[in-house]
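Here is how the chains run, residue by residue.
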Amino acid sequence: MDTDNPDALPPTEGRNPATEDLDALGTLEVLRLLNTEDHVAVGAVAAVLPELARVVDLAAERFRRGGSVHYFGAGTSGRLGVLDASELLPTFNLEPGRVVGHVAGGAEALVSAVENAEDSVEDGRRAGAALGPDDLAIGLAASGSTPYVGGALEAARAGGAYTVLVSSNPRAPLARFADTDIALATGPEAITGSTRLKAGTAQKLVLNGFSTALMIAVGRTWSNLMVSVVATNAKLRERTVRILCEATGLDGAAAHELLRRTDGDLKVAIVVALGDVDVERARELLGRHAGAVREALRAVHAPAGEP
């Protein structure tokens, strides 16, 4: 991109010389070429992990103070944000409103294009205006120039929120609204300008990594187990039993009985089994340590007088 020309196209709009004969290839060759391009997205995310780690730590600090995380995007970017936010509720028993996805054009834009929605700076400002000092705003814009996202980041920052931009443009115009600018070097798309491909894949990986690491940081997992899962159907109820067996060594019958005694609360059941404490004591320890199983168990085994 030409830094002396503000109207120069972002890298995502360039033409990819490796795919100029895409329509002349057989189906398997097309798929192999797309897969090769997908590997670029993985490498682009690996390059920004130090910046992403700092954002996770900042988000965790705000989360512990009762703050929230908000994703803002249009089109593919907005849909990816809404998807990531919605999946955290059942997976990590996350309370509504803690991680929120905003897409330009609202709910209708999740399934169809809403004309001119991404061009509304004012809609973005309205969406970002509710954020405060304990919140964190992440703008998702492959080009780094989406007006809706710019409006949201501008308003969120004015309210004291920490702001982040995730784009595929190292010279993104919206970077001026971001406290942290995460630029993914995904380059030109296999189909020129189709940012649902590499740029979208890279955004999805960033969101997966960010939200999963955030949930780990705030105690929503134990070891590599999904101990905060909400058992809303038969499959998840069986998974809860299986997780308890894996965590504690209990057999299936004992795990079922312990979950009955703890009203299905998997974290409490783990602390009861591994800490050799009663249900009320387990609940007390988890409450004192913000629901973190590892910290609750450490407190059980701490020398007398230590918290």
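Residues numbered from 1 in each chain as written. Predicted model: local features only at pLDDT ≥ 70, side-chain atom pairs only at ≥ 80, totals over all residues. Heavy atoms only, no water.

Draft legend 1. Local environment of the packing of helix H1 (residues 27–47) against helix H2 (residues 49–64). Where H1 meets H2, the closest approach of the two axes is 5 Å, and the angle between their N-to-C directions is 60 degrees. As the angle between them shows, H1 and H2 are arranged oblique. Contacts between H1 and H2 involve Val45, Ala46 and Ala47 on the former and, on the latter, Leu49, Pro50 and Glu51. A class-by-class count of the residues in the contact of H1 with H2 yields five nonpolar, no polar and one charged. (Axes fitted to C-alpha atoms, helices over the stretch in contact; angles between N-to-C directions. Helix = DSSP H or I, 4+ residues; strand = E, 2+ residues; numbered from the N terminus. Parallel < 35°, antiparallel > 145°, perpendicular 65-115°, else oblique. Contact = heavy atoms within 4.5 Å. Nonpolar A, V, L, I, M, F, W, Y, C, P; charged D, E, K, R; others polar.)

Draft legend 2. Molecular detail of the environment of Gly73. Mapping Gly73 onto the fold places it in strand S1 (residues 69–73). Gly73 sits in the buried class, given a relative accessible area of 0%. Counting along the chain gives 64 residues from Gly73 to Leu9, while the straight-line C-alpha distance between them is 19 Å. Aside from chain neighbours lying at most four places away, what touches Gly73 is Gly78, His102, Val103, Ala104, Leu140, Tyr148 and Val149. (Buried < 20%, exposed > 50% of the residue type's maximum accessible area, 1.4 Å probe, protein only.)

Draft legend 3. Here's a closer look at the packing of aromatic side chains. Inspection of the entire model under this criterion finds one aromatic pair. Ring centres of Tyr71 and Phe210 lie 6.3 Å apart, and the angle between their planes is 70 degrees; on these two criteria the pair is classed as edge-to-face. Remark: Phe210 occurs in helix H6 (residues 198–217) and Tyr71 occurs in strand S1; sequence separation between them is 139 residues. Neither residue differs from the other here; Tyr71 and Phe210 are each classed as buried. Taking the ring centre of Phe63 as reference, the NZ or CZ of Arg98 above it sits at 3.9 Å. (Phe/Tyr/Trp six-rings, centres within 6.5 Å; stacked < 30°, edge-to-face > 60°. Lys NZ or Arg CZ within 6 Å of the ring centre and 35° of its normal.)

Draft legend 4. Summary view of the packing of helix H7 (residues 234–248) against helix H8 (residues 252–261). Between H7 and H8, whose axes approach to 9 Å, the crossing angle comes to 110 degrees. Between H7 and H8, the interaxial angle falls into the category roughly perpendicular. Remark: the crossing between H7 and H8 carries right-handed chirality. Facing Glu238, Thr240, Val241, Leu244 and Cys245 of H7, the residues of H8 in contact are Gly252, Ala255, His256, Leu258 and Leu259. (Left-handed = near helix turned anticlockwise from the far one by under 90°.)

Draft legend 5. A look at the pattern of salt bridges. Scanning the model with the defined rule gives 13 salt bridges in all. For the salt bridge of Arg260 with Glu257, the shortest nitrogen-to-oxygen distance reads 2.6 Å. With a gap of three residues between them, Arg260 and Glu257 both fall in helix H8, about one helical turn apart. As a salt-bridge pair, Glu284 and Arg281 come within 3.1 Å of each other at their nearest N and O atoms. Here Glu284 pairs with Arg281, and both are found in helix H10 (residues 279–288), just three residues apart, close to one helical turn. A residue is classified by how much of its surface remains accessible, and Glu284, at 41% relative accessible area, is partly exposed. Its relative accessible area of 30% is what places Arg281 among the partly exposed residues. A network of salt bridges, in which partner residues are shared, links Glu95, Arg98 and Arg220. (Salt bridge = Lys/Arg side-chain N within 4 Å of Asp/Glu carboxyl O.)

Draft legend 6. Just the sheet that holds strand S5 (residues 180–183), in detail. Across the sheet, which stays open at both edges, the five strands sit in the order S2-S1-S3-S4-S5 with parallel pairing between neighbours. Looking at the sheet topology across the chains shown, the edges are occupied by strand S2 (99–103) and S5. Within this sheet the neighbouring strands show an average axis-to-axis angle of 15 degrees, counted without direction. Where strand S3 (residues 136–140) and strand S4 (residues 162–167) come together, five bridges link them in parallel fashion. (Pairing = 2+ DSSP bridges.)

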